[in-house]
Amino acid sequence: MGSAAPEIDVMVGGQSRRLRRGATAREALDGQAGPDVVAVRVNGRLCDLGRPLEEDCRVEPVSASSPEGLAIIRHSTAHLMAQAVQSLFPGTQVTIGPTIEDGFYYDFAPARPFTPEDLPRIEARMEELARANLAVERIEEPRAAAIERFRRMGEAYKVEILAGIPEDQVSLYRQGEWIDLCRGPHVPSTGYLKAFKLTGTAGAYWRGDERNPMLSRIYGTAFAGREALKEHLELLELARQRDHRRLGRELNLFLFDPIAPGSPFFLPRGTVVYNELVAYMRRLYKRYGYQEVITPQLFRNEIWRTSGHWEMFRDNMYATSDAEAHGPEPEYGFKPMNCPGHTYIYGAEKRSYRDLPLRVADFGRLHRAERSGTLHGLTRVRAMSQDDAHIFCAPEQVAGEIDANLKMMRDVYQAFGFEHIESKVGTMPEKHLGGEQTWRETEAMLEQALLRNGLSCEINPGEGAFYGPKIEIYVPDALKRRWQLATIQLDYNMPERFNLTYTTSAGAEARPVMIHRAILGSLERFIGVLIEHTGGVLPFWLAPEQVRVLSLSEKVEQYASEVARLARQAGFRAAADLRNEKLGFKVREAELSKVPYMAVVGEREMAARSVSLRVLRGAKSQNLALENLLELLKNEALPS
RNA sequence: GCCCAUGUAGCUCAGUCGGUAGAGCACUUCCUUGGUAAGGAAGAGGUCACGGGUUCGAUUCCCGUCGUGGGCUCCA
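Residues numbered from 1 in each chain as written. Chains lettered and ligands numbered in written order. Predicted model: local features only at pLDDT ≥ 70, side-chain atom pairs only at ≥ 80, totals over all residues. Heavy atoms only, no water.

## What about the layout of surface pockets?
With a probe scaled to a water molecule rolled over the atoms, the places where space remains empty come into view.
Part 1 of the reasoning: Roughly 1600 Å³ of volume is contained in the largest pocket.
Part 2 of the reasoning: In terms of lining, the largest pocket is formed by 48 residues, of which the most central are Phe-313, Asn-316, Arg-368, Arg-380 and Lys-470.
Part 3 of the reasoning: Those elements that place two or more of their residues in the lining of the largest pocket are β22 (383-393), β25 (470-476), β26 (482-491) and β29 (513-522).
Part 4 of the reasoning: By residue number, the principal contributor to the lining of the largest pocket is β29, which donates five residues.
Part 5 of the reasoning: Looking at side-chain class alone, the lining of the largest pocket contains 15 nonpolar, 16 polar and 17 charged residues.
Part 6 of the reasoning: The residue makeup of the lining of the largest pocket includes at least three contributed by each of domain 2 (68-231) and domain 3 (254-533). (1 Å grid on protein atoms, 1.4 Å probe; cavity = no way out; pocket = protein on both sides within 12 Å on 5 of 7 lines; lining within 4 Å. Points joined across faces, edges and corners; volume = space filled by probe spheres on them. Helix = DSSP H or I, 4+ residues; strand = E, 2+ residues; numbered from the N terminus. Nonpolar A, V, L, I, M, F, W, Y, C, P; charged D, E, K, R; others polar. Domains from an automatic or database assignment.)

What follows is the structure, given as structure tokens:
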């Protein structure tokens, strides 16, 4: 093009303006940039407010409360934190500091790791720097110059990052004396950062690789205003109160003891929930044509060698020997999955196409040697059961089976009130069996299945199982945290390794396909998620105690016992609280134990053979004749 | 497994600048027989996670082990 014209056309808010070339985005907005505008989009690309405009373009303001604006605020707050850290702890190197879902972090290589006590100091320095309202200035310079600059500053990690950047020109951001390599954009000055909070410290490997040095990470969050920050912190507090580990103890559902790390003890109440979930799945299995089996816990290692677990999954397995063992090598492995065992059931008979699809379900107990640092309540355990099943089918039946599974999954999640599920396809991991060709084909089949069923389909690279790609279903709980529960995995390897065959209608020998699937996932994790989703207020059909009869005085003890007995005889889990306590006390305890129905009986009720029924979290009570009470309970729906 | 923090009664937590510990709730007994979220009193309950070290003396300081919590990594 020829020599640049001195003026350019800039579209702002639907109006075109002539501006001199090199005018800043802020000038283009001309007063439309209120105090909550933190950046702009120039032809759709996010830029600093101070960005000079070099050609005809469209400029739109980005407000602090928009998702992009919020991300910019958080990113700038990460910089502010790094500046504070380096001024308080000279010699600390910076590495990276991205924004994350509800905040940001910055990883440092400090002289000593940070502790929680350091956070208030850092926060105070951040406040100072924000009050100083330092201008945030973008600098562009050649990559070589930047490398030299950071080398002189002693920032080895930044030099390493720069070495991996392909562009010749890089951007830096300066606020006060402090400077950092960054793509931007950022807020115009530190005074824009008004609402932030440092939330924790953690160790984190450089570039997420455990072979690299451990860095020291500080997490924080930031919002456009103090009000939004406060709301966020309140949500965190709410999440803390709903923590399933806390509720599990308070509601007497389960306990953990150091005697068996990562392995829950389900107490009588928790066991009711557990068993009701299994009963529910069994009803679905009947409808969807599954057969349940019980298989061994401990297998000779031969099975794990054949399945590939010995090669791919050994780190996660417990092994043992029996009394006759001679060498030091363990001869048996506890099953971490049910699939290899199920291949023996398949292979125990000569199979024909008429047997397929063969759907084999198993609630068997699994053990996995999870690393100690990963254990977390019920959501990450070493001993668990899954609503596991393996479908052996002909290749042409795969699509139909996956569809049926996705349908069953929807039934289940609807029953628990989980909405807005998210689905992904986990693709070939580094450690895998089989050829890449098959992997790519089966990955495509799963993607198509999701799309066909109107589900979203993100790719989760390298997250498949070692024997095949998988559909992962994530469910958000009431506090918008996402958990992976269901999975559908497509496997062409296991049938091959165990040499499974069937006779086709044409009389030929063919190889079946194996589909591994679970809907609740592990019962342990599901119960944990369900507790957090419901805050411990489980649906009636899962409630460990469905009705509690509260006696008002000794005079009605017998009648109270009778009411509870009648409810039990009608098939409900009911108990009578006959203790020598006031009614208010008993009501409080029943409320805290989340019992769905409280039947209060005093002398009036005894005389009328009725109860005064109080519903959990309902202040009002209602007088009901005994028959009507039982009728009401019977109408409490089971999930379809 | 790695980094940081942490471990005191069943639970939630005080406390001991080194001289072997305390509250509330829960539990037991007694009094109270009470109408919809805590009636009163008394009692019992702890090798201060475990193992070493320093010290006249360690629950307290140091080291290690185990557990737990927040992350990293891994995964249902």
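Picking up after the structure, the text goes on.
## What about the packing of helix α16 (residues 557-569) against helix α19 (residues 626-634)?
Part 1 of the reasoning: Two elements in contact, α16 and α19, have axes separated by 11 Å at closest approach and are oriented at 35°. Crossing angle aside, the handedness with which α16 passes α19 is right-handed. For the pair α16 and α19, contact is made by Tyr-559, Val-563, Leu-566 and Ala-567 and by Leu-626, Leu-629 and Leu-630, respectively.
Part 2 of the reasoning: Partitioned by chemical class, the residues of the contact of α16 with α19 number seven nonpolar, no polar and no charged. (Axes fitted to C-alpha atoms, helices over the stretch in contact; angles between N-to-C directions. Left-handed = near helix turned anticlockwise from the far one by under 90°. Contact = heavy atoms within 4.5 Å.)

## Things to note about the packing of helix α8 (residues 268-288) against helix α15 (residues 523-534)
Part 1 of the reasoning: Interhelical geometry of α8 versus α15 gives an angle of 110° and a closest axis separation of 11 Å. In terms of their interaxial angle, α8 and α15 are classed as roughly perpendicular. As α8 packs across α15, the resulting crossing turns out to be right-handed. In contact with Val-273, Tyr-274, Leu-277 and Val-278 of α8, α15 contributes Leu-523, Glu-524, Phe-526 and Ile-527.
Part 2 of the reasoning: The class makeup of the residues in the contact of α8 with α15 is seven nonpolar, no polar and one charged. (Parallel < 35°, antiparallel > 145°, perpendicular 65-115°, else oblique.)

## As for the domain arrangement of chain A
Often, the extent of an interface is quoted as the loss of accessible area on bringing the components together.
Part 1 of the reasoning: Each assigned domain of chain A is listed here: domain 1 (7-63), domain 2 (68-231), domain 3 (254-533) and domain 4 (545-635).
Part 2 of the reasoning: Once you take the C-alpha centre of each, domain 2 and domain 4 turn out to be 59 Å apart.

## Details of the protein's contact with RNA strand B
Part 1 of the reasoning: The full set close to RNA strand B counts 62 residues, and Lys-470, Leu-552, Glu-554, Asn-580 and Ser-612 are the nearest of them.
Part 2 of the reasoning: Gly-373 places a polar main-chain atom, nitrogen or oxygen, 3.3 Å from a base nitrogen of RNA strand B.
Part 3 of the reasoning: Separating a base nitrogen of RNA strand B from a side-chain N or O atom of Arg-588 is a distance of 2.6 Å.
Part 4 of the reasoning: Per element, the largest residue contribution to the surface near RNA strand B is seven residues, and it comes from helix α17 (residues 583-592).
Part 5 of the reasoning: Here the surface near RNA strand B is built from residues that sort into 21 nonpolar, 20 polar and 21 charged. (Near = heavy atom within 4 Å. Polar contact = N/O pair within 3.5 Å; in protein donor to acceptor, adjacent residues only side chain to side chain.)

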